[in-house]
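For reference, the chains in residue letters:
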Amino acid sequence: MWYAIHCTDHPGSLAARKAARPPHLARLQQLLDEGRLLLAGPFPAIDAEDPGPAGFSGSLIVAEFDSLAAAQAWAAADPYMAAGVYREVSVKPFRKTLPAA
């Protein structure tokens, strides 16, 4: 089943986000390589593709896991969690409807 992982950043965590980005992206790449990643990306803190020093307010990941517990465990082990980037993480089941393919 798909799960939506919605993460909210701590204010002022841009430096920690940048430092932890390579291992964070490596985990996402592994999901992609396994065909289990639907989408992933950050929320710019301002209305801009590149928010510069304004940074990001959080992230959204939609990926396939065997269970809610497995999705929660994966999210809890994210390098952004260890680096103190994320203030809050919510994991919910997600049913993809469109596009159908």
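A brief look at the structure comes next. (Residues numbered from 1 in each chain as written. Predicted model: local features only at pLDDT ≥ 70, side-chain atom pairs only at ≥ 80, totals over all residues. Heavy atoms only, no water.)

Details of the overall build of the protein
Heads up, the rule is: Only DSSP runs of H or I reaching four residues or more are called helices, and only runs of E reaching two or more are called strands; each is numbered from the N terminus. In this setup the radius of gyration rests on C-alpha atoms only. A globule is expected at 2.2 Å times the number of residues raised to 0.38. Contact between two residues is taken to exist if any of their heavy atoms lie within 4.5 Å; hydrogens are not considered. Per-residue and other accessible areas were derived by the Shrake-Rupley procedure at a 1.4 Å probe size, with only the shown protein chains allowed to occlude residues. Here the positive residues are Lys and Arg and the negative ones are Asp and Glu; neither His nor the chain ends is included. A charged residue contributes its charge at one atom only: NZ of Lys, CZ of Arg, CG of Asp or CD of Glu.
Check the secondary structure of the protein and you find three helices and four strands. Seen in sequence order, the protein has helices and strands lined up from the N terminus as β-α-β-β-α-α-β. The C-alpha atoms of the protein give 14 Å as radius of gyration, which agrees with the globular expectation for 101 residues (13 Å, within 12%). For the protein, the spread of C-alpha atoms along the three principal axes comes to 35 × 30 × 25 Å. Within the protein, contacts between residues separated by at least 24 positions form 75% of all contacts whose residues are at least 6 apart in sequence. Of the accessible surface of the protein, which amounts to about 6100 Å², a share of 58% is contributed by carbon and sulfur atoms. Of the charged side chains in the protein, 9 are positive and 10 negative, and the gap between their average positions amounts to 3 Å.

Some words on the pairing of strand S1 (residues 2–9)
Just so we agree on the cut-off: Summary of the burial criterion: residues with accessible area below 20% of their type's maximum are buried, those above 50% are exposed, and those between are partly exposed, where the area comes from a 1.4 Å probe applied to protein chains only. Note on pairing: two strands pair once DSSP finds at least 2 bridges between them.
Along S1, six of the eight residues are buried, which leaves the element largely enclosed by surrounding structure. Relative to strand S3 (residues 56–64), S1 runs antiparallel, the two being bridged by seven bridges. Residue pairing across strands places Tyr 3 opposite Ala 63, the latter belonging to S3. Strand direction decides the pairing type here: S1 and strand S4 (residues 86–94), joined by eight bridges, are antiparallel. For Tyr 3, the partnering residue across the bridge sits in S4 and is Pro 93.

Some words on helix H1 (residues 14–33)
Our working rule: By this rule, a helix spans an expected 1.5 Å times one less than how many residues it contains. A residue's bend is simply the angle between two axes: one fitted to the seven residues ending at it, one to the seven starting at it.
Between its first and last C-alpha atoms H1 spans 27 Å; for 20 residues at 1.5 Å apiece the expected length is 28 Å, and the two agree. The sharpest bend along H1 reaches about 55 degrees and sits at Arg 21, with the proline Pro 22 one to four residues further on. Residues Leu 14, Arg 17, Ala 20, His 24, Arg 27, Leu 28 and Leu 31 constitute the buried set of H1. Next to the buried residues of H1 lie S1, strand S2 (37–44), S3, helix H2 (68–76), helix H3 (79–82) and S4. Phi for Gly 35, located one or two positions after H1, is positive at around 75 degrees.

Focus on the packing of aromatic side chains
Note the following rule: Ring pairs shown here join Phe, Tyr and Trp side chains whose ring centres sit within 6.5 Å, with only the six-membered ring taken for Trp; geometry is labelled stacked below 30 degrees between planes, edge-to-face above 60, and tilted in between. Two thresholds decide whether a charge sits over a ring: the Lys NZ or Arg CZ must be within 6 Å of the ring centre and within 35 degrees of the ring normal.
Within the structure shown, the criterion is met by three aromatic pairs. Centroid distance Tyr 80 to Tyr 86: 5.4 Å. Interplanar angle 80 degrees. Geometry classified as edge-to-face. An aromatic cluster is defined as three or more aromatic residues linked by ring pairs; in this entry it consists of Tyr 3, Phe 65 and Trp 74. One cation-aromatic arrangement involves Arg 27 over Trp 74; the distance from NZ or CZ to the ring centre is 4.1 Å.

Remember, this is a structural readout, not a statement about activity or role.
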